[in-house]
Every structure is written in C-alpha cells, then in structure tokens.
Amino acid sequence: QVQLVESGGGLVQAGGSLRLSCAASGSSFSINTMGWYRQAPGKQRDLVAVITSAGIINYADYVKGRFTISLDNAKNTVYLQMNSLRPEDTAVYYCNTELARVGILMTYWGQGTQVTVSA
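Now for a description of the structure that goes with this document. (Residues numbered from 1 in each chain as written. Predicted model: local features only at pLDDT ≥ 70, side-chain atom pairs only at ≥ 80, totals over all residues. Heavy atoms only, no water.)

Along the chain, the position of Asn-96 falls in strand S9 (residues 91-101). Residues Asn-96 and Gly-110 lie 14 residues apart in sequence; the distance between their C-alpha atoms is 6.4 Å. Discounting residues that sit within four places of it in the chain, Asn-96 has contacts with Leu-4, Thr-33, Met-34, Gly-35, Tyr-37, Thr-107, Tyr-108 and Trp-109. (Helix = DSSP H or I, 4+ residues; strand = E, 2+ residues; numbered from the N terminus. Contact = heavy atoms within 4.5 Å.)

Written as structure tokens, this is what we have:
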C-alpha cells in the first residue's frame, strides 16, 4: 500500500505565499508523476501542476508564473510553492501520484489540505 501525506495548507492574505508538501510512503514502488489538483466548493477538481520523475512539468494557465512545483525523487516528495496568492486560489488542494507497483500502474490521492486566501 502507498500513502500520500500532505502538509502546508492554511490561511493567508492575498499576495502572500504558502508551500505545500506531499510525501509518498510505502514499499516497492516507482513514481512516474506527482502533482497537485484543487477543488473549490461546488466546482470540479482541476489540475494545478504536475511533474514527472524526469522533471517534465505542466502548469495550469491560471498558476503559471505564480506557482512552482518541484520533486525530490530521493524523498518521494513533491512541493508546491505558491506565491502571489489570490482569493480565487482558495480550495482544497489534493496531492496525486501515478506510480508503478508490482508491474502495475496505480493512482493515489492524498487526503487534501485546505488553502484559504483572504482578500
């Protein structure tokens, strides 16, 4: 079994910064991608950013230039540095990973961490 443990959410004023972390733990797995999604109340869950183990990155247009994703392969941990936060960034942020385990591709989700940006 693989677990994703997230941390770093909270309340911040508009223009502020937060850093999210997500660590994958378990045994016998190889990460393909790790990323962040977010879901605001009444809305669908949307991609924020994703990074492959080779360092290829994809950002949603609405965070480009403000958010930075990074991956520590040795620690199986993905980070999301969020700068210039806006009230519309308020959402529950979910960590996601696609990995290979016992020869099978699997997808896991974290429990979510609340990010609230006040005007």
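This part covers the state of the cysteines. Considering all chains together, one arrives at 1 disulfide under this definition. Bridging Cys-22 to Cys-95, the disulfide has an S-S length of 2.1 Å. Between Cys-22 and Cys-95, the S-S torsion sits near -85°, and that sign places the bridge as left-handed. With a gap of 73 residues between them, Cys-22 in strand S3 (residues 18-25) and Cys-95 in strand S9 connect regions that are remote in the sequence. (Disulfide = S-S within 2.5 Å.)

Further remarks concern the side chain of Thr-97. Within the secondary structure layout, Thr-97 lies in strand S9. For Thr-97, the contacting residues outside a window of four places in its chain are Leu-4, Ile-31, Thr-33, Met-34, Met-106, Thr-107 and Tyr-108.

It is worth stressing that arrangement in space is one thing and function is another; only the former is reported here.
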